[in-house]
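Listed below, chain by chain, are the residues.
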Protein chains: 2
Amino acid sequence: MAEKKRGAQSVLLQNRPRVLSFASMAGPKEAEGPLAGTFDETFEDDTLGEKSWERGEAKMLEHTVDLALSKARVYADAVDAFLGGDLLNQIVSASYTARQLGAPFLGLYGACSTMAESLLLGALLVDGGYADRVVCATCSHFATAERQYRFPLELGNQRTPTAQWTVTGAGATLLGRGEAKGLPLRLTAATIGRVVDRQQTDINNMGAAMAPAAADTLLAHLRDLHRSVQDYDLIVTGDLGCVGYDLMCLLCEQKGVSLDGRYIDCGCEVFSPEQDAHAGGSGCGCSACCLNGWLFGRMLSGEIRRLLFLATGALMSTTTSQQGESIPAIAHAVTLEVEEG
Amino acid sequence: MAEKKRGAQSVLLQNRPRVLSFASMAGPKEAEGPLAGTFDETFEDDTLGEKSWERGEAKMLEHTVDLALSKARVYADAVDAFLGGDLLNQIVSASYTARQLGAPFLGLYGACSTMAESLLLGALLVDGGYADRVVCATCSHFATAERQYRFPLELGNQRTPTAQWTVTGAGATLLGRGEAKGLPLRLTAATIGRVVDRQQTDINNMGAAMAPAAADTLLAHLRDLHRSVQDYDLIVTGDLGCVGYDLMCLLCEQKGVSLDGRYIDCGCEVFSPEQDAHAGGSGCGCSACCLNGWLFGRMLSGEIRRLLFLATGALMSTTTSQQGESIPAIAHAVTLEVEEG
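These numbers were taken from a predicted model, which means no experiment stands behind them.

(A) Structural view of the relation of the copies chain B and chain A. Of the transformation superimposing chain B on chain A, the axial component is 0.0 Å and the angular component is 180°, with the fit at an RMSD of 0.0 Å. Expressed as a symmetry operation, the mapping of one chain copy onto the other fits a two-fold axis. The position closest to the rotation axis in chain B is occupied by the C-alpha of Leu108 of chain B, lying 2.1 Å away. Both copies contact each other with a shared surface, as 100% of the interface residues of chain B are interface residues in chain A too.

Here it is as structure tokens:
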């Protein structure tokens, strides 16, 4: 049984759940970006041949989960739980994926923090012996997110400089028990985030809304586990973008924590400046497809041995934004480590 | 460490997490129904004095969580995790409650199955030693749900006979470790549901969409744990309503399982036939406020010693319904037992 210190948001996972496999898919814009070669599959048609973008998004997630399972040669009926969610109302992409997969399903909503939330809960289920194999997955799609959260694409609206570009992409991680055969990658610690809201109301500046939550969770993680930034080869936030990135550095510095040289943000990495994504990439799929390809790849190549994956989510809805509410944000963190044998 | 049988959806919780306290709130229509005396608080003004129904819904959930904590004399900073969600897009009621509470937050989306999903995951966190105290809570509101899922209330649309009435209500359960002081109520087993979709497309007949999922989870629960209906004093579904109730009985009978005399549905109980709720109550708040008042009360009075709480959710969105998709449904189950001392 795990031990939990009062007031702590973090736990060490005694049985160190293992990454059995991972997979990622990304859309046409992402396939032209700096991480082009790191996705398992990319596609040109952003409907994936379906009759709507929404069906296309679900197909992308379904296929990414299938890819992760097939890499580990695990059949769907050997999956004890699928933990996932997405940005669409009522997380329909994840629900349709769960319908196709047939595995027990735990639907999550953490906005763009969903990849970390699913890994965190999935790892606890495995660590505690409640599951042998869990799939943790999420996705986002530029076209479905734009029309749900902002404007119809056909309107051709101008974007503000702080706006981010929702990544069309998906990522899936298959986690299993520590003693299982798999990759030399383990999930060893997790920190559950708190909702932080600094009264930011501009829905075209998600980075500024989410950076305080990212800083809050990082500081809680370091405090709870008596760690420093130097204990990590890399700290990776989900989709703060360049505005949020700078704010995150500043907020941590104000607390005496320097991130210099060990911190990147997936939103800043997924597109090049020439791709006109303004403040960078965003969406559940942003950190999901970066982790389940590029970042795990860098870990397997020996470049990174210990990584803190800190995905961030902005929890507003269009209704609450229209009602003038500020944007609550959250960040969840998981520690991933290379461990041979 | 728990033991998990391959292919099983259910686990027995070795450390038998304890219900430390519970609380419920309900709106004006519910306060006129058969369960009137069982809620901790009811209110007349369905905005709860706020400027919008949405703010009112969040206030209701916030207050219900506060009530549960104050009954157990637990401060918010001693809560290791708040697990919750609701019916609104991006689960904003739960997010705002998490913002006010300040505790680590795990956002869930299981539609009307959320009370069971939050109890299930919360209990696993406590059972595994990852948390000492967790709050599991959810809510729904007739006015916010109607305008989000169906029509503006001002339109005065006619309702079909199979339509259900979204309960304005909230429920919160505080779970703690088995050895903690608290009520003689424990959560002893849990079954994670699978998505079941029988190609039902009528969004005014949620009961028919959800009954197959309820039957699937009940049968999995009985099979996994080698139990029969007779092992329970009462099996309670969330919000199938009278159409879904009959279907649930039929589907179980077809599999050789008779529910006769030991099965009720919160959606059938919360309103009287005179209240013109058509097929019955629905919404996350329906099963949540019935469990966290009426049902726990019946357990504490000795009337029910072992109860299976089986909340059901319909996972469609308005977008997918408009696109002609059928309704995926899910049900999660938890076993609650009276255990003195």
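(B) Local environment of the pattern of salt bridges. With the rule as written, the count across this model stands at 38 salt bridges over all chains. Ionic pairing is found between Asp197 of chain A and Arg99 of chain B, a salt bridge with its closest N-O pair at 2.4 Å. With Asp197 of chain A in the loop between strand 9 (185-191) and helix 6 (206-224) and Arg99 of chain B in helix 3 (residues 92-101), this pair bridges two chains. For Asp197 of chain A, a relative accessible area of 14% puts it in the buried group. The partner of Lys59 of chain B in a salt bridge is Glu50 of chain B, and the shortest N-O contact between them spans 3.5 Å. Since its relative accessible area comes to 33%, Lys59 of chain B is described here as partly exposed.

(C) Examining unusual backbone geometry more closely. Residue and element names in this part refer to chain A. Phi at Gln199 is positive, roughly 65°, even though this residue is not glycine. One can find Gln199 in the loop between strand 9 and helix 6. Residue class for Gln199 comes out exposed when judged on its relative accessible area of 56%. Here His278, not a glycine, exhibits a phi torsion of approximately 55°, which is positive.

(D) Molecular detail of helix 6 of chain A. All names here are of chain A. For helix 6, with 19 residues, the first-to-last C-alpha span of 27 Å sits near the 27 Å given by 1.5 Å per residue. In terms of burial, helix 6 is largely enclosed, as 17 of its 19 residues are buried. Following helix 6 by one or two positions, His226 has its phi on the positive side, about 50°.

(E) Examining the packing of aromatic side chains more closely. Applying the stated criterion to the full structure yields eight aromatic pairs over all chains. On the numbers, 4.9 Å between centres and 40° between planes, the contact of Phe22 of chain B with Phe296 of chain B is tilted. Here Phe296 of chain B lies in helix 9 (residues 284-300) and Phe22 of chain B lies in strand 2 (residues 18-26), a separation of 274 residues in the sequence. A single burial state applies to Phe22 of chain B and to Phe296 of chain B, both of which are buried. Each ring, one from Phe142 of chain B and one from Trp165 of chain B, has its centre 4.0 Å from the other, and the planes form 0°; the classification is stacked. Of this pair, Phe142 of chain B sits in helix 5 (residues 142-149) while Trp165 of chain B sits in strand 7 (residues 165-166), and the two are 23 residues apart along the sequence. In this structure Trp165 of chain B comes out as buried when scored by relative accessible area, which is 16%. Over the ring of Tyr232 of chain A we find Arg306 of chain A, and its NZ or CZ is 5.6 Å from the ring centre. Taking the ring centre of Phe22 of chain B as reference, the NZ or CZ of Lys71 of chain B above it sits at 5.1 Å.

(F) Up close: the interface of chain B and chain A. Contacts between the two partners involve 71 residues from chain B and, on the opposite side, 71 residues from chain A. Contact between chain B and chain A buries roughly 5,500 Å² in total, counting both sides, with carbon and sulfur atoms accounting for 57%. Here chain B and chain A share six salt bridges between them. We note a salt bridge from Arg99 of chain A to Glu325 of chain B, for which the minimum N-O separation is 3.5 Å. The interface formed by chain B and chain A includes 34 residue pairs in polar contact (both at pLDDT 80 or more). Within the residue set of the side of chain B that touches chain A, elements represented by two or more residues are helix 2 (53-71), helix 3, strand 5 (105-107), helix 4 (114-127), helix 5, helix 10 (318-322) and strand 14 (329-338) of chain B. It is helix 4 of chain B that contributes the most residues to the side of chain B that touches chain A, seven residues altogether. Classifying every residue of the side of chain B that touches chain A gives 33 nonpolar, 20 polar and 18 charged.

(G) Seen up close, the pairing of strand 10 (residues 234-237) of chain B. Residues and elements named next belong to chain B. Of the two faces of strand 10, the one carrying Leu234 and Val236 and the one carrying Ile235 and Thr237 are both buried. Across four bridges, strand 10 lies against strand 13 (residues 306-314) in parallel orientation. Bridge pairing in strand 13 places Leu234 opposite Leu307. Bridge count between strand 10 and strand 11 (residues 263-265): three bridges; the pairing is parallel. Pairing of Ile235 across the sheet is with Tyr263, part of strand 11. As a crossover connection, the stretch from strand 10 through helix 7 (residues 241-254) into strand 11 is right-handed.

(H) Examining the nonpolar core more closely. Grouped together as the largest cluster of nonpolar side chains are 131 residues, with contacts concentrated most on Met248 and Leu259 of chain A together with Met248 of chain B. Excluding residues that lie within four positions of it along the chain, Met248 of chain B makes contacts with Ala211, Ala214, Ala215, Leu218, Thr237, Leu240, Leu259, Tyr263 and Leu310 of chain B. Listed in part, the 110 residues of the second largest apolar core include Ile264 of chain A together with Leu108, Met299 and Ala311 of chain B.

(I) The side chain of Thr144 of chain A, seen in detail. Residue and element names in this part refer to chain A. Relative to the helices and strands, Thr144 is located in helix 5 (residues 142-149). Look at Thr144 and you get buried, because its relative accessible area is 1%. At 2.6 Å, the side chain of Thr144 and the side chain of Glu57 are in polar contact. There is a polar contact of 3.2 Å between the side chain of Thr144 and the backbone oxygen of His141. Thr144 has contacts with Trp53, Glu54, Glu57 and Leu88, leaving out every residue within four places of it along the chain.

Criteria and cut-off values
Residues numbered from 1 in each chain as written. Chains lettered and ligands numbered in written order. Predicted model: local features only at pLDDT ≥ 70, side-chain atom pairs only at ≥ 80, totals over all residues. Heavy atoms only, no water. Least-squares fit on C-alpha atoms with pLDDT ≥ 70 in both. Contact = heavy atoms within 4.5 Å. Salt bridge = Lys/Arg side-chain N within 4 Å of Asp/Glu carboxyl O. Helix = DSSP H or I, 4+ residues; strand = E, 2+ residues; numbered from the N terminus. Buried < 20%, exposed > 50% of the residue type's maximum accessible area, 1.4 Å probe, protein only. Expected span 1.5 Å × (residues − 1). Phe/Tyr/Trp six-rings, centres within 6.5 Å; stacked < 30°, edge-to-face > 60°. Lys NZ or Arg CZ within 6 Å of the ring centre and 35° of its normal. Buried area = accessible area lost by both parts, 1.4 Å probe. Polar contact = N/O pair within 3.5 Å; in protein donor to acceptor, adjacent residues only side chain to side chain. Nonpolar A, V, L, I, M, F, W, Y, C, P; charged D, E, K, R; others polar. Pairing = 2+ DSSP bridges. Right-handed = clockwise from strand over helix to strand, strands pointing away. Core = buried A, V, L, I, M, F, W, Y, C linked by side-chain atoms within 4.5 Å.

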